[in-house]
Amino acid sequence: MNHGPTDPTGSPILAPAPWHEVRESKLRVTAVRTFLTAPQGCPYLIVRVETNEPGLYGLGCASDPQRTRAIRTIVDDYLGPLLLGRDPRDIEDIHRLLLNSAYWRGGSLGGNALAGIDVALWDIKAKAAGLPLYDLLGGRARHAATAYTHVSGSDPDEIAGLVQSARDSGFEHVRVQVALPGADAYGTHPGDAAQAAAIANRQVPWDGEAYLRIVPKTLIAVRDRVGDDVELLHDAHERLTPAQARQFIGAVEPARLFFLEDVLSPEDSGHFPHLRAAGTVPLAMGELFSDPTQYLELITSRSIDYARIRIPTLGGLTPARKLAAVCEMFGVRLAPHGPGDVSPVGRAATVALDVNAPSFGIQEAAEYTDATQEMFPGTISAQQGALYPVEAPGLGVDFDEAVARRHPPTAPLEHDRWALLRNRDGSAQRP
C-alpha cells in the first residue's frame, strides 16, 4: 500500500520532496492550465499554475511562435502532471526535476515549456510573500530598464527621420534595419502589397553581398544625419558567414553602433573570438540559445559584450538569474530579447530581472497591440524609453481568459514559413 504523498486526484506524487510534510503551511499545486491565443498576430502560450489557496495562482510565458502547440503538449501531458501536489515554493527542486525528467535535456521546446512553469512558480512565491517579483530577487539595482525600439527603411533620410521620432518619444537607443532592393532584409517593412505577398510566400531571397554593399554605408549615413546624442543598434540576425561578419564589422565601424546583434549564427559562435580583431564594434549574441551553458565560452573568453537572453527559451527565471550573475563576474551585460512574440507575462519576468541584476545593459521593447494590452492587465509598456516594473505582488501582470478566447491562434505552419529563407542560388539560408 502506498503511504506517500498524493496529488489532488489521489495519485501518488511521482517525485515528492523528502521535506514534503516539514512545513506547517500545506500550500500545494492543484492544477496546471495552458492557453493558446494570438492578440499580437503571433501565438502566445500562457501557463497558469493554480494552488489550494483561494485566489493564489501564477502565470508564465511559454511562447515560441514556430512550435507553440508542441510546447503546449509538453506542459499539458508531461510537466504539468509532475507538478500536481507539489509545494510551489520549491522552485529549485522542481526546476531540476522537470529538466531531468525528459532525460534528453535541452532544446527550445523543453526550455519554453519549463519556463512557463518556472515563471509561474516565481509569480506565486512573490504573491504569497506580498512582494513585487524584483524584491523577491533581491530588490532593485536601478530605477527602470533602459529600452530600445525599432525603426527600418531604405533611404538614410527616411531612417534618420524615424530615429529622430523615436528620440522625441523618449528613446535614447534605436535599432536600425535597412531594406535591400530585391532581397529579403530582416526587420524591415515591405514596400507594397505585392512585395509583402512575395516575402510571405518566401519568393524573395537573401543576398549577403548586397547586404555588405548597402547596409554599412546606410548606417554610416544615418549616423551622420542624427549626430551623437542617440545610440544606434543593428541586428544582422545570424545571416552572415564568418568572413562576411569580419568584413561587416570593419565596414560599419564609422557608424559607432551601441552594439551589433547576432552577426553570426549559433553554429558559428566559435568564430566570435576572432571577430575582435576586425574592429571595436560591441557584439551581442544569444537569443537563439536554449541552454545557459551555450553562453559560457563566449562570456568567459570575453568574446561578446552583451548576452541576448530570452527567458522563455532558457527555461525561466531560475537559470536566467544565474546566467546574469556569471555575466556580472566577467563584465558582460544583459540585453534581453523582447520582441512582440514574448508576451507581457514574459516581459514582466524579464523586467524584474532587469531592474535587479547589476549586469543589466539594455532591454528590447517591442510595442504591444491594444488587444494584447486588454488581454494582459498591467502590461508594461515603454515610458520615455524605459520599462518600469509594476508595483504589485508577483509579476504585476494578469491574464483575461475571456479576451483570450476572442483571439484564436494562427495555423501551426503560418509562422514556420517566416524561417524558410533561401539564397539567390536556391540554397537554404539561416533566417
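Residues numbered from 1 in each chain as written. Predicted model: local features only at pLDDT ≥ 70, side-chain atom pairs only at ≥ 80, totals over all residues. Heavy atoms only, no water.

(A) Fine view of the environment of L257. Mapped onto the elements of the fold, L257 is located in the loop between α8 (242–252) and β7 (259–261). Using a relative accessible area of 7% as the deciding quantity, one classes L257 as buried. Spatially, the C-alpha atoms of L257 and V176 are 9.9 Å apart, while their sequence positions differ by 81 residues. In contact with L257, other than residues within four places in its own chain, are L232, L233, H234, V252, V281 and P282. (Helix = DSSP H or I, 4+ residues; strand = E, 2+ residues; numbered from the N terminus. Buried < 20%, exposed > 50% of the residue type's maximum accessible area, 1.4 Å probe, protein only. Contact = heavy atoms within 4.5 Å.)

(B) Quick look at the sheet that holds strand β3 (residues 57–61). Taken in spatial order, the three strands make up an open sheet running β1-β2-β3, and their pairing is antiparallel. Taken across any chain shown, the strands that pair with only one partner, and hence form the sheet edges, are β1 (29–37) and β3. Recorded for the sheet is a direction-independent mean angle of 20 degrees between the axes of neighbouring strands. Of the pairings in the sheet, the one linking strand β2 (residues 44–51) to β3 comprises five bridges and is antiparallel in character. Directly across from V47, in β3, lies its bridge partner G60. Packing of helix α13 (residues 344–356) onto the sheet brings it into contact with β2 and β3, and relative to β3 it is tilted by some 95 degrees. (Pairing = 2+ DSSP bridges. Axes fitted to C-alpha atoms, helices over the stretch in contact; angles between N-to-C directions.)

(C) How the structure looks around the pattern of salt bridges. Enumeration according to the criterion identifies 28 salt bridges in this entry. The closest approach of N and O atoms between R430 and E267, which form a salt bridge, is 3.7 Å. Pair noted here: R430 is in the segment after β14 (428–429) and E267 is in the loop between β7 and α9 (272–275), with a separation of 163 residues, a long-range link. You can call E267 exposed: its relative accessible area is 55%. One network of salt bridges, with partners in common, ties together R175, D235, E261, E287, R308 and E364. (Salt bridge = Lys/Arg side-chain N within 4 Å of Asp/Glu carboxyl O.)

(D) Just helix α2 (residues 91–101), in detail. The complete set of buried residues in α2 reads I91, I94, H95 and L98. Projected onto a plane normal to the axis of α2, the buried residues spread over an arc of 100 degrees and lie on a single side. On its buried side, α2 packs onto α1 (68–83), α3 (108–129) and α12 (317–330). Remark: Y103 follows α2 within two positions and exhibits a positive phi of approximately 70 degrees. (Arc of directions from axis to C-beta.)

(E) Fine view of the packing of helix α7 (residues 208–226) against α8. In the contact formed by α7 and α8, the axes pass within 9 Å of each other and the chain directions differ by 20 degrees. With respect to α8, the element α7 is oriented roughly parallel. Classified by chirality, the crossing of α8 by α7 is right-handed. Facing G208, E209, Y211, L212, V215, P216, L219 and I220 of α7, the residues of α8 in contact are Q244, Q247, F248, A251 and V252. Among the residues forming the contact of α7 with α8, the class breakdown is nine nonpolar, three polar and one charged. (Parallel < 35°, antiparallel > 145°, perpendicular 65-115°, else oblique. Left-handed = near helix turned anticlockwise from the far one by under 90°. Nonpolar A, V, L, I, M, F, W, Y, C, P; charged D, E, K, R; others polar.)

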